[in-house]
Amino acid sequence: MNKTVNKTVNENSAIHAVVSPEEWVAARQHLLAREKEFTAQRDLLNAERRRLPRVKVDKPYVFEGPQGRQTLADLFEGRSQLIIYHFMFGPGWKEGCPSCSMLADHLDGMLAHIAQRDITVAVVSRAPLAELAAFRQRMGWRFKWLSSYGNDFNHDHHVSFTKEELARGKVYYNYRMMEGGDELPGASVFYKDGQGNIFHTYSTYARGLELLLGAYSWIDLTPQGRDEDGLPFTMAWVRHHDKYEDTPTAQAAPACCHADASAA
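Since the structure is predicted, the reported quantities are computational estimates derived from the model, not experimental observations.

Notes on the packing of aromatic side chains
So, point 1. Per the counting criterion, the structure on display carries 17 aromatic pairs.
So, point 2. When the ring of Phe 87 is compared with that of Trp 145, the centres are 4.7 Å apart and the planes differ by 45 degrees; the resulting orientation is tilted. Of this pair, Phe 87 sits in the loop between β4 (81-86) and α3 (98-104) while Trp 145 sits in strand β6 (residues 145-147); the two residues are 58 residues apart in sequence, bridging distant segments of the chain. Take Phe 87 and Trp 145: they sit in the same class, and that class is buried.
So, point 3. Between Phe 89 and Trp 93, the ring centres sit 6.4 Å apart and the planes meet at 20 degrees, which makes this aromatic pair stacked.
So, point 4. Among the aromatic residues, those joined into a cluster by ring pairs are Tyr 85, Phe 87, Phe 89, Trp 93, Phe 135, Trp 141, Phe 143 and Trp 145.
So, point 5. Here the basic side chain of Arg 54 rests over the ring of Tyr 191, its NZ or CZ set 4.7 Å away from the ring centre.
So, point 6. If you follow Arg 226 out to its NZ or CZ, it ends over the ring of Tyr 216, 4.0 Å from the centre.

Things to note about the nonpolar core
So, point 1. Tyr 85, Phe 87, Trp 141 and Trp 145 are the most contacted members of the largest nonpolar core, which totals 27 residues.
So, point 2. Of the residues forming this core, the biggest block, four residues, is contributed by α3.
So, point 3. With residues up to four places along the chain from it excluded, the contact list for Trp 141 reads Phe 87, Ser 101, Ala 104, Asp 105, Asp 108, Phe 135, Arg 136 and His 241.
So, point 4. In this structure, Tyr 61, Val 124, Leu 146 and Phe 153 belong to the second largest nonpolar core, which totals 14 residues.

Re the pattern of salt bridges
So, point 1. The tally for this structure, following the rule as stated, stands at 14 salt bridges.
So, point 2. With a closest N to O distance of 2.8 Å, Asp 220 and Arg 226 form a salt bridge.
So, point 3. According to the relative accessible area criterion, Arg 226 is partly exposed, its value standing at 24%.
So, point 4. One salt-bridge network, in which partners are shared between bridges, spans Glu 95, Arg 138, Asp 242 and Lys 243.

Cut-offs applied
Residues numbered from 1 in each chain as written. Predicted model: local features only at pLDDT ≥ 70, side-chain atom pairs only at ≥ 80, totals over all residues. Heavy atoms only, no water. Phe/Tyr/Trp six-rings, centres within 6.5 Å; stacked < 30°, edge-to-face > 60°. Helix = DSSP H or I, 4+ residues; strand = E, 2+ residues; numbered from the N terminus. Buried < 20%, exposed > 50% of the residue type's maximum accessible area, 1.4 Å probe, protein only. Lys NZ or Arg CZ within 6 Å of the ring centre and 35° of its normal. Core = buried A, V, L, I, M, F, W, Y, C linked by side-chain atoms within 4.5 Å. Contact = heavy atoms within 4.5 Å. Salt bridge = Lys/Arg side-chain N within 4 Å of Asp/Glu carboxyl O.

Below, the structure written as structure tokens:
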């Protein structure tokens with residue numbers, strides 16, 4: 001056994017006591033009570049989110065998609081609720097952000113289920129449609145991915161930034177001024193009423209997007225958890241799903257995912 005492995009074993013032994021089944025059940029019941037408290041608090045937080053005020057959207061956004069030009073109203077596809085994921089993919093990029101790609105890997109299988117709750121999900125990026133389509137084909141995705149190239153949608157929802165904004169050193173992201181790149185991730189929610197009026201109801205950014213990352217929920221169940229403390233930033237380990245190799249350090253950390261954004 002090498003020194004690194006031996007050190008890990010010793011550290012784990014020091015942290016995790018080995019107990020009888022009865023003692024383990026007692027400890028698990030104590031944690032279960034905490035988990036139930038957290039679930040109740042989460043339900044209250046979700047209810048508070050639903051009570052947020054709304055902002056009417058009057059700007060005539062037009063997107064380019066596989067079906068041609070579509071307005072924001074068209075993206076609802078006859079439903080009253082729309083979730084848009086702001087995927088980090090700027091004009092001229094060779095590929096999309098690895099962390100956004102990890103989130104996108106969750107989408108296809110659940111879209112049919114979400115649609116049953118009167119919700120449509122779409123993905124929007126600022127790169128031209130041809131660049132998005134090529135990467136979408138490479139990744140094997142089927143979800144609707146639209147280009148906002150040429151309109152202000154990404155900028156208005158604080159996920160894309162102008163050269164002038166970047167030159168100031170900080171941009172307005174996640175409801176505060178912070179350092180950032182020209183593209184950052186986010187998700188925005190919209191509601192359309194019976195008269196066709198569209199309202200912006202919610203947007204979340206940075207760690208708020210963990211709600212959409214089911215893989216982390218699985219990872220959080222394990223003894224080592226996310227194991228990200230020694231990384232340059234929290235999602236430095238993430239690769240496009242066609243780039244993973246046997247060794248986790250085989251490739252350099254992706255540059256497009258901003259460290260501060262993932263930790264904010």
